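Fold and contact review
Chain by chain, the residues:
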Amino acid sequence: MEGCHRKPGTPGVGKTTLGKELASRSGLKYVNVGDLAREGQLYDGYDEEYDCPILDEDRVVDELENQMSEGGVIVDYHGCDFFPERWFHIVFVLKTDNSVLYNRLETRGYNQKKLKDNIQCEIFQVLYEEALGSYKEEIVHQLPSNKPEDLEDNINQILKWIEQWVKDHSS
Ligand code: DAT
């Protein structure tokens, strides 16, 4: 389960579900940045308002650098503007309808403030804009993530993309 979010993000859209399933079917490595930060205590202070630790983005980047240069890594996080652009060949932003998302977050026991902030963020597509601002537009893709069939479609689509990428880069 995801931890806290200093910046309003979009937890509950299905990043971890997709990332892990994709890793298992593709053989790529899976890294959950929230877990990595928790394990290494890669924090820089505490956010009282959101009641959660503040991510130390520089230390996260340092921690991941070696793995990322080797390649073949799926990175799961609700933000992407602090990662080096050269790390990624493709970026996916999952999109869940507000009503569906509300139910998922409520199930997680989010309080009203957290619910409101996170839903608001989804409405304004903050993360999609952030991704477009951080990477070349043509590598940023939005994927629907409302129902199990979406998950299956997304996985198949990404697996095809990986296959093509490998073909294009093996010679
Ligand atoms: P995130 O990692 O973005 O916080 P998650 O992978 O933990 O999200 O998923 C949140 C919940 O939603 C979890 O109970 C699984 C469910 N879920 C994920 N993708 C889904 C989909 N395409 N259809 C229905 N439920 C989905």
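Residues numbered from 1 in each chain as written. Predicted model: local features only at pLDDT ≥ 70, side-chain atom pairs only at ≥ 80, totals over all residues. Heavy atoms only, no water.

By the naming in an unreviewed UniProt entry, the chain goes by Adenylate kinase isoenzyme 6 and is assigned to Phocoena sinus. UniProt, in the comment section headed Sequence similarities (unreviewed entry), describes the chain in these words: "Belongs to the adenylate kinase family. AK6 subfamily." (UniProt positions renumbered as here; feature names shortened; annotations may be inferred.)

**Section: the nonpolar core**
By size, the foremost hydrophobic cluster in this structure holds 24 residues, and its most contacted members are Val 60, Leu 64, Phe 83, Phe 88 and Tyr 135. Among the secondary structure elements, those contributing two or more residues to this core are helix H2 (33-40), helix H3 (57-70), strand E4 (73-76) and strand E5 (91-95). Residue contributions to this core peak at four residues, all from H3. Ignoring anything within four residues of it in the chain, the contact list for Val 60 reads Val 33, Leu 36, Leu 42, Leu 55, Phe 82 and Phe 83. Grouped together as the second largest cluster of nonpolar side chains are 15 residues, Val 13, Leu 105, Leu 143 and Ile 162 included. (Core = buried A, V, L, I, M, F, W, Y, C linked by side-chain atoms within 4.5 Å. Buried < 20%, exposed > 50% of the residue type's maximum accessible area, 1.4 Å probe, protein only. Helix = DSSP H or I, 4+ residues; strand = E, 2+ residues; numbered from the N terminus. Contact = heavy atoms within 4.5 Å.)

**Brief notes about the site of the ligand**
Surveying the vicinity of the ligand reveals 15 residues, the closest of which are Gly 12, Lys 15, Thr 16, Thr 17 and Lys 147. Between Thr 16 and the ligand, the recorded distance is 2.7 Å, taken from a side-chain N or O atom to an oxygen atom. In isolation the ligand has 550 Å² of accessible area, and contact with the protein removes 76% of it. Of all elements in the fold, only helix H1 (15-26) and helix H7 (148-168) reach the threshold of two or more residues within the shell around the ligand. With three residues, the top contributor of residues to the shell around the ligand is H1. In terms of residue class, the shell around the ligand is built from four nonpolar, six polar and five charged. (Near = heavy atom within 4 Å. Polar contact = N/O pair within 3.5 Å; in protein donor to acceptor, adjacent residues only side chain to side chain. Areas by Shrake-Rupley, 256 points an atom, 1.4 Å probe, with all protein chains shown as cover. Nonpolar A, V, L, I, M, F, W, Y, C, P; charged D, E, K, R; others polar.)

**Here we look at the UniProt feature "binding site: ATP" (unreviewed entry) in the chain**
If you check UniProt for "binding site: ATP" (unreviewed entry), the listed places come out as Gly 12, Gly 14, Lys 15, Thr 16, Thr 17, Arg 108 and Lys 147 in our numbering. Restricting the annotated residues just mentioned to those that line the largest pocket leaves Lys 15. Among the structural elements, Lys 15 can be located in helix H1. Looking at the secondary structure, you find Lys 147 in the loop between strand E6 (140-144) and H7. (1 Å grid on protein atoms, 1.4 Å probe; cavity = no way out; pocket = protein on both sides within 12 Å on 5 of 7 lines; lining within 4 Å.)

**Section: the packing of H1 against H7**
One can describe the packing of H1 onto H7 by two numbers: an axis separation of 10 Å at closest approach and a directional angle of 45°. Between H1 and H7, the crossing angle belongs to the class labelled oblique. The two elements H1 and H7 cross, and the hand of that crossing is right-handed. When H1 is examined against H7, the residues Thr 17, Leu 18, Glu 21, Leu 22, Arg 25 and Ser 26 are found in contact with a partner set consisting of Leu 151, Glu 152, Asn 154, Ile 155, Asn 156, Ile 158, Leu 159 and Ile 162. (Axes fitted to C-alpha atoms, helices over the stretch in contact; angles between N-to-C directions. Parallel < 35°, antiparallel > 145°, perpendicular 65-115°, else oblique. Left-handed = near helix turned anticlockwise from the far one by under 90°.)

**What about the layout of surface pockets?**
Here the largest pocket defines a volume of roughly 880 Å³. Taken together, 38 residues make up the lining of the largest pocket; nearest its centre are Val 73, Ile 74, Val 75, Phe 88 and Ile 90. Looking at the lining of the largest pocket, the elements that each hand over two or more residues are H1, H3, E4, E5, helix H6 (126-134) and H7. Split by residue class, the lining of the largest pocket holds 26 nonpolar, eight polar and four charged. (Points joined across faces, edges and corners; volume = space filled by probe spheres on them.)

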